[in-house]
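# Notes for the structure review
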Amino acid sequence: MVDATGSSAAPSKANLSLGLGVGAIVAMLIGMVISGDDDANGWIWIVMAALGAGGLVVGLMDGRGKPVGRALIGVLLSAVVLVLFLLYMTGILE
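The structure contained in this document is the topic of the report that follows. (Residues numbered from 1 in each chain as written. Predicted model: local features only at pLDDT ≥ 70, side-chain atom pairs only at ≥ 80, totals over all residues. Heavy atoms only, no water.)

Our focus in this paragraph is the environment of valine 83. One can find valine 83 in helix 3 (residues 70-90). For the pair valine 83 and alanine 49, spaced 34 residues apart in sequence, the C-alpha to C-alpha distance is 9.5 Å. (Helix = DSSP H or I, 4+ residues; strand = E, 2+ residues; numbered from the N terminus.)

Right under this line is the structure:
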């Protein structure tokens with residue numbers, strides 16, 4: 001029987017959310033290492049924020065209501081990255 005609800009695409013969105021969240025964490029760690037004190041490679045922070053925002057949006061649009069499983073982990077990782085980015089950009093976290 002064919003599933004007409006469209007839930008077959010949900011696991012791929014959950015995996016994408018998790019991947020973007022992990023990618024945002026990796027970009028944050030790489031940014032800490034390569035940028036150092038001089039902020040010569042400040043573009044990595046924008047990439048980190050974009051990956052975090054993408055993971056958050058994809059995880060929330062998973063299609064199953066509240067995010068569960070991999071989508072929840074991706075949303076949480078992405079939210080942590082975005083909160084740290086916003087705290088850093090506002091000067092609260094330096």
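Okay, back to it.
What follows covers the nonpolar core. Ala24, Ala27, Met28, Ile44, Trp45, Met48, Ala49, Val81, Leu82 and Phe85 together form the largest nonpolar core, which totals ten residues. Elements supplying a minimum of two residues to this core: helix 1 (10-35), helix 2 (43-60) and helix 3. For this core, the leading source of residues is helix 2, giving four residues. Non-local contacts of methionine 28, meaning those with residues more than four positions away in its chain, are made with Trp45, Met48 and Leu84. (Core = buried A, V, L, I, M, F, W, Y, C linked by side-chain atoms within 4.5 Å. Buried < 20%, exposed > 50% of the residue type's maximum accessible area, 1.4 Å probe, protein only. Contact = heavy atoms within 4.5 Å.)

Quick look at helix 2 now. The terminal C-alpha atoms of helix 2 lie 26 Å apart, and with 18 residues this matches the ideal 26 Å at 1.5 Å per residue to within 8%. Among the residues making up helix 2, those that are buried are Ile44, Trp45, Met48, Ala49, Gly52, Gly55, Val58 and Gly59. (Expected span 1.5 Å × (residues − 1).)

Among the structural elements, glycine 19 can be located in helix 1. For the pair glycine 19 and serine 78, spaced 59 residues apart in the sequence, the C-alpha separation amounts to 9.9 Å.

Let us now look at a nonpolar patch on the surface. A cluster of nonpolar side chains, Val22, Val26, Leu29, Ile30, Met32, Val33, Ile34, Trp43 and Val47, forms an exposed patch at the surface whose accessible area comes to about 810 Å². Listing elements by their share of the nonpolar patch, those giving two or more residues are helix 1 and helix 2. Element by element, the count of residues in the nonpolar patch is highest for helix 1, at seven residues. Secondary-structure assignment places methionine 32 in helix 1. For methionine 32, a relative accessible area of 48% corresponds to the partly exposed category. (Patch = residues over 30% accessible without salt bridge, like charges linked within 9 Å, V, L, I, M, F, W, Y side chains within 5 Å. Areas by Shrake-Rupley, 256 points an atom, 1.4 Å probe, with all protein chains shown as cover. Salt bridge = Lys/Arg side-chain N within 4 Å of Asp/Glu carboxyl O.)

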